[in-house]
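Listed below, chain by chain, are the residues.
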Amino acid sequence: MMSEEDDFDLNDLDDKELVEQIQDDLYDGLDAEVTEGTEILLARGWDANDVLGEALVGGMKIVGVDFRDGILFVPEVLKCAGAMKGGMKILRPILAESAEDTSLGKFVIGTVKGDIHDIGKNLVAMMCEGAGFEVINLGINNPVENYLEAIDEHEPVIVGMSALLTTTMPYMGVVVEEMEKRGMRKDTHIMCGGAPLNQEFADAIGVPAYGRDAARSAEMAEEHVLSLRKKRDHR
Amino acid sequence: MIIDKKNTDKTKKRLVLGCGALVYDLLRLIKQNPSLSDKVNLQCLPASWHNSPQLIAPGVEEYLSENSHLYEDIYIAYADCGTGGALDRVLEKFDAKRIEGAHCYEFFAGTDVFEQLSEEELGTFYLTDYLVKNFNRIMIKGLGLDKHPELFEVYFKHYKKLVYLAQTENEQWQKDAQQYAKDFGFEYEYRLVGTGSLDVVFEEIDIQPLEIKD
Ligand code: B12
């Protein structure tokens, strides 16, 4: 039996209600509904950046808070991320066209050597893309060479490393050292994250920014770029 | 033995505070050396913390704050278990010891064997007796695969192999583990590794040398 809620039309909602509905649908992991809502906002003349920021990223932030507070668990977060991906698929080509003026720069991210956990890393990648970065995702099990090559090739503003195992987190130090040796740290900010890490560990291996979750990490990345721009403008 | 929360029996000098996932293995070790049960008070914390390691260090700290004064010494039947050093900071505070290693898969198999297995195939998922026995609850329901089987790809995209690191010889569990590997489409390997260095939590307590059998 269909409940009333099942057959109500997203088109009937005003903009504010629709944004809230998309956030709710994203929270419930409803892929098709998030996609439809995204399309409706675009059809109403919304800027793709605003759809992304307000509806999708806004929704994912709520998910992040409830995950942190133990209300949502990994499977639910994955369903939410899947729903967000649906919306991003539509927005990505539109955003790419206008990328020149809105991009915050390139963000290289990967899980370090010996580790194949990638859920958190992929969430960070998605939220950073949502914040306006061009994300280059190196995937899992990355030896230092992969990071160095990606830095040479893409000249990212930020390199992010992820580790979920106590045995693989120290490898981040190896990457930091090699970047240092090659003088790459001047132009490339480094971020790290993963459940067993903390600020203290980041300090110990010389990584300036530890991101505790995807939303905060994307904010920190954005703040870094904005502060760089401010400094540049002052000169 | 497990319920003697307040250690009313003052002759029990050592507290062994362990992960709930290890309780059967710890009890078996004690059964093999009955004299241990007079000296050790075994307490276990929820096995479910395995997937929420941020709860482990605070949980251990809470227990030890209330009970540590009742014992001469304390062993924690945990490895680091993804606490990223937080557990060690608590142990230092209470002068307690834990099992060396990153996780139970490592201390069951032994570091060398575990490293060799990872080198052979990094995309290996490990099972223990506990995980085989509780596979449906922890792996299927715990990861939400019962409700959302489509998440399988997200979790296990990079996995190719399943290795059952067995503590005891149990034909049914071997069959089950093999079936799980088949269901997941993974290669399968069985290794009877026993309880590895789990027994260190009882060391130096007994004059009798510990006899570790499976
Ligand atoms: C899900 C999970 C898995 C999944 C992984 C699926 C995948 N594709 O990634 C599966 C089930 C496959 C798995 C396998 C294993 N796992 Co596992 N796993 C977990 C679990 C439960 C959650 C991790 C997770 O995805 N969390 C959700 C995400 C959203 O959070 P997150 O990863 O922390 O990421 C957030 C932040 O940390 C941050 N962040 C993350 N990366 C980055 C990067 C940057 C640059 C920044 C800024 C921020 C950032 O933002 C993210 C988003 O909010 C953890 C326990 C835990 N709660 O941490 C164990 C855990 C990490 N696993 C562990 C272990 C031992 C294993 C196995 C060895 C178990 C086994 N039986 O074989 C294997 C690994 C085998 C191998 N060959 O390496 C241990 C590690 C113990 C240790 N000492 O290190 C843990 C801690 C569980 C435990 N207590 O034993 N695991």
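Residues numbered from 1 in each chain as written. Chains lettered and ligands numbered in written order. Predicted model: local features only at pLDDT ≥ 70, side-chain atom pairs only at ≥ 80, totals over all residues. Heavy atoms only, no water.

Asks: Any chance you could explain the overall build of chain A here in plain terms?
Replies: Along chain A, the regular secondary structure elements total ten helices and five strands. Taken against the 2.2 N^0.38 rule, which gives 18 Å for 235 residues, the C-alpha radius of gyration of chain A at 19 Å falls within 12% of a compact globule. By principal-axis analysis of the C-alpha atoms, chain A measures approximately 60 × 40 × 25 Å. Taken across its 235 residues, chain A has 48% of its residues classed as buried. Taking the contacts inside chain A whose residues are at least 6 apart along the sequence as the reference set, 71% of them involve residues at least 24 apart. Accessible area of chain A: about 11800 Å², with a carbon and sulfur share of 50%. (Helix = DSSP H or I, 4+ residues; strand = E, 2+ residues; numbered from the N terminus. Rg over C-alpha atoms; globule rule 2.2 N^0.38 Å. Buried < 20%, exposed > 50% of the residue type's maximum accessible area, 1.4 Å probe, protein only. Contact = heavy atoms within 4.5 Å. Areas by Shrake-Rupley, 256 points an atom, 1.4 Å probe, with all protein chains shown as cover.)

Asks: So what exactly am I meant to see when it comes to the packing of helix 3 (residues 48-68) of chain A against helix 4 (residues 74-97) of chain A here?
Replies: Each packed pair of helices is defined by two parameters, the angle between the axes and the distance between the axes. Residues and elements named next belong to chain A. Axis separation between helix 3 and helix 4 bottoms out at 10 Å; the angle between their running directions is 170°. Between helix 3 and helix 4, the interaxial angle falls into the category roughly antiparallel. Facing helix 3, whose interface residues are Ala48, Asn49, Val51, Leu52, Leu56, Val57, Met60, Val63 and Phe67, helix 4 presents Val74, Val77, Cys80, Ala81, Met84, Gly87, Met88, Leu91, Ile94 and Leu95. (Axes fitted to C-alpha atoms, helices over the stretch in contact; angles between N-to-C directions. Parallel < 35°, antiparallel > 145°, perpendicular 65-115°, else oblique.)

Asks: Looking at this structure, I do not really get the site of the ligand. What am I missing?
Replies: Around the ligand, the structure places 44 residues, and the nearest of them are A:His117, A:Thr166, B:His50, B:Ala102 and B:Leu122. Backbone polar atom of A:Gly194 to an oxygen atom of the ligand: 3.2 Å apart, as the coordinates give it. One of the backbone nitrogen or oxygen atoms of B:Gly82 is found 2.9 Å away from a nitrogen atom of the ligand. Of all the secondary-structure elements, those providing two or more residues to the shell around the ligand are helix 6 (119-131), strand 3 (158-162), strand 4 (189-193) and helix 10 (214-234) of chain A together with strand 5 (124-127) and helix 9 (152-156) of chain B. The greatest single-element share of the shell around the ligand, amounting to five residues, is contributed by helix 6 of chain A. Residue composition of the shell around the ligand, by class: 25 nonpolar, 14 polar and five charged. (Near = heavy atom within 4 Å. Polar contact = N/O pair within 3.5 Å; in protein donor to acceptor, adjacent residues only side chain to side chain. Nonpolar A, V, L, I, M, F, W, Y, C, P; charged D, E, K, R; others polar.)

Asks: How should the interface of chain A and chain B be read in this particular structure?
Replies: Counting from both sides, the interface comprises 16 residues of chain A and, opposite them, 19 residues of chain B. In total, about 1400 Å² of surface goes out of reach between chain A and chain B, with carbon and sulfur atoms giving 65% of it. Broken down residue by residue, the surface that chain A buries against chain B is led by A:Pro75, A:Lys79 and A:Ile116, which jointly contribute 34%. Linking chain A to chain B there are one salt bridge. Among the salt bridges present, the one from A:Lys79 reaches B:Glu150, with a minimum N-O distance of 2.6 Å. If you look at where chain A meets chain B, you find three residue pairs in polar contact (both at pLDDT 80 or more). Among the elements that take part in the side of chain A that touches chain B, helix 4 of chain A stands out by supplying four residues, more than any other. Here the residues of the side of chain A that touches chain B are counted per class, giving seven nonpolar, five polar and four charged. (Buried area = accessible area lost by both parts, 1.4 Å probe. Salt bridge = Lys/Arg side-chain N within 4 Å of Asp/Glu carboxyl O.)

Asks: Help me understand a negative patch on the surface, please; the structure alone is not making it clear to me.
Replies: All names here are of chain A. Together, Asp9, Asp12, Asp31, Glu33, Glu36 and Glu39 give the surface a local cluster of negative charge. Here Asp31 shows up in helix 2 (residues 31-43). Given the relative accessible area of 39%, Asp31 is considered partly exposed. (Patch = residues over 30% accessible without salt bridge, like charges linked within 9 Å, V, L, I, M, F, W, Y side chains within 5 Å. Lys, Arg positive; Asp, Glu negative; His and termini not counted. Charge placed at Lys NZ, Arg CZ, Asp CG, Glu CD.)

Asks: It is not clear to me how the confidence of the model for chain B should be interpreted in this structure. Could you clarify?
Replies: A low pLDDT score tells you not to read the predicted coordinates there in detail. Residue and element names in this part refer to chain B. Considering every residue of chain B, the mean pLDDT works out to 90; 90% of them sit at 70 or more. The model gives residues 207-214 a pLDDT under 50, and that stretch makes 20 contacts with residues more than four places away or in other chains. In the model output, the complex is listed with pTM 0.92 alongside ipTM 0.89. (pLDDT = per-residue confidence, 0-100.)

Asks: Can you walk me through the sheet that holds strand 7 (residues 187-192) of chain B in this structure?
Replies: The strands that make up a sheet pair up through hydrogen bonds in the backbone, lying either parallel or antiparallel. Residues and elements named next belong to chain B. Here three strands make up an open sheet; going across it, the order is 5-6-7 and the pairing parallel. Looking at the sheet topology across the chains shown, the edges are occupied by strand 5 and strand 7. Across the sheet, the mean angle separating the axes of adjacent strands is 20° when strand polarity is ignored. Judged from the six bridges that link them, strand 6 (residues 161-166) and strand 7 form a sheet pairing that is parallel. When the sheet's bridge partners are listed, Leu165 is paired in strand 7 with Arg191. Along the sheet, helix 10 (residues 171-184) makes contact with strand 5, strand 6 and strand 7, crossing strand 7 at roughly 155°. (Pairing = 2+ DSSP bridges.)

Asks: What exactly am I supposed to notice about helix 10 of chain B here?
Replies: Residues lying three or four places apart along an α-helix face the same way, a consequence of the helix completing one turn every 3.6 residues. Residues and elements named next belong to chain B. With 14 residues, helix 10 should reach 20 Å at 1.5 Å per residue; the first-to-last C-alpha distance of 20 Å fits that figure. Buried within helix 10 we find Trp173, Ala177, Tyr180, Ala181 and Phe184. Down the axis, helix 10 shows its buried residues gathered within 100° of arc, on one side only. Opposite its buried face, helix 10 presents the exposed residues Glu171, Lys175, Lys182 and Asp183, each directed more than 90 degrees away. At the C-terminal side of helix 10, Gly185 shows a positive phi close to 75°. (Expected span 1.5 Å × (residues − 1). Arc of directions from axis to C-beta.)

Asks: Sorry if this is basic, but what is going on with the packing of aromatic side chains here?
Replies: What characterises a pair of aromatic rings is the spacing of the ring centres plus the angle enclosed by the ring planes. All names here are of chain B. Applying the stated rule across the entire model yields 17 aromatic pairs over all chains. Ring centres of Phe107 and Phe108 lie 5.2 Å apart, and the angle between their planes is 70°; on these two criteria the pair is classed as edge-to-face. With respect to burial, Phe107 and Phe108 carry one shared label: buried. Taking the centre distance of 4.8 Å and the plane angle of 45° together, the rings of Phe114 and Tyr126 count as tilted. Here Tyr126 lies in strand 5 and Phe114 lies in helix 6 (residues 111-120), a separation of twelve residues in the sequence. (Phe/Tyr/Trp six-rings, centres within 6.5 Å; stacked < 30°, edge-to-face > 60°.)

Asks: Got a minute to help me understand the pairing of strand 1 (residues 105-111) of chain A in this structure?
Replies: Along a regular strand, successive side chains alternate from one face of the sheet to the other. Residues and elements named next belong to chain A. Strand 1 sits mainly inside the fold: five of its seven residues count as buried. In this structure, strand 1 lies alongside strand 2 (residues 133-137), joined through five bridges in parallel fashion. Across the sheet, the residue bridging to Ile109 is Asn137, located in strand 2. Following the chain from strand 1 across helix 6 to the adjacent parallel strand 2, one finds a crossover that is right-handed. As defined by bridge partners, strand 1 adjoins strand 3 across five bridges and the pair is classed as parallel. Across the sheet, the residue bridging to Phe107 is Ile158, located in strand 3. (Right-handed = clockwise from strand over helix to strand, strands pointing away.)

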